[in-house]
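Okay, here's what each chain looks like letter by letter:
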Amino acid sequence: MNETDTLTIIKPDAFGSGKAGHIIAHLESAGFRVVAAAVKHLSRDEAQAFYAVHRERPFFASLVEFMTSGPCMPIILRRENAVPELRTVIGATDPAEADEGTVRALFAESKERNAIHASDSAENAEIEISFFFAGTERLPG
Ligand code: GDP
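Residues numbered from 1 in each chain as written. Predicted model: local features only at pLDDT ≥ 70, side-chain atom pairs only at ≥ 80, totals over all residues. Heavy atoms only, no water.

Draft legend 1. Examining the site of the ligand more closely. In the vicinity of the ligand, the contacting residues are Lys11, Tyr51, His54, Phe59, Leu63, Arg87, Thr93, Arg104, Lys111, Glu112 and Asn114. In this structure, an oxygen atom belonging to the ligand sits 3.0 Å away from a side-chain N or O atom of Arg87. In isolation the ligand offers 550 Å² of accessible surface; the protein chains occlude 79% of this area. Along the lines of polarity and charge, the residues of the shell around the ligand split into three nonpolar, three polar and five charged. (Near = heavy atom within 4 Å. Polar contact = N/O pair within 3.5 Å; in protein donor to acceptor, adjacent residues only side chain to side chain. Areas by Shrake-Rupley, 256 points an atom, 1.4 Å probe, with all protein chains shown as cover. Nonpolar A, V, L, I, M, F, W, Y, C, P; charged D, E, K, R; others polar.)

Listed below in C-alpha cells is the structure:
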C-alpha cells in the first residue's frame, strides 16, 4: 500500500455554516484519514501568499476577501493516490458543474464560495502542507 498525503481546506463558507463535520465524515467515507488538522483565520498576507498563483486573475481580490472572511480548517489527508482521489471527491470548481455526490455538489454555494480546497499536484501538496503545518504536527504511518 503506497499512501500519500494531500492538503484540503474547509473554506470559510462551509466552516462558518457548520458543515465541517459533515465534510470530514464524507472524506473519511471516501477512504481518507485525517493526519493533522487546524482551525485558522487567514490574514490578508497569508491568503494572498497561498493563492499567489492566481494573483493576475480578475477574481483574486474577491477570493482573498472570501478566504479572510472567517476561520477555515486546513487538514492533511492520507490515502492511496491522495492527490488525484481528493480532486475527484471534491468535484468541479463550480458546484453547478460538479458531479452528483461530490463535496462541492453537496456543500458549495457558488464557484467562489465552493466549500473546499484540494491540492492539484503532489508537488503543490507538499508546498501547501508546509504552508500550514510544521513537520512535527503530521502523524507518521
Ligand atoms: P480549484 O482548484 O477547483 O479550487 O480551482 P482554482 O485553483 O482554479 O481556483 C481557486 C479558487 O478560486 C476556487 O476554488 C474558487 O474559490 C475561486 N475561483 C476560481 N474560479 C473563479 C471564478 O471564475 N470566479 C470567482 N469569483 N472565484 C473563482
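Draft legend 2. How the structure looks around the sheet that holds strand β2 (residues 33-37). Strands sit in the order β2-β3-β1-β4 across an open sheet of four strands; the sheet is antiparallel. Two strands in the sheet have a free side with no partner beyond their single neighbour: β2 and β4 (116-118). Here the average twist between neighbouring strands, direction ignored, is 30°. Strand direction decides the pairing type here: β2 and strand β3 (residues 73-80), joined by four bridges, are antiparallel. Looking across to β3, one finds that Ala36 is bridged to Ile76. Here helix α5 (residues 82-90) sits on the sheet in contact with β1 (3-10), β3 and β4, set at roughly 35° to β1. (Pairing = 2+ DSSP bridges. Helix = DSSP H or I, 4+ residues; strand = E, 2+ residues; numbered from the N terminus. Axes fitted to C-alpha atoms, helices over the stretch in contact; angles between N-to-C directions. Contact = heavy atoms within 4.5 Å.)

As far as function goes, none of this settles anything; it's purely spatial.
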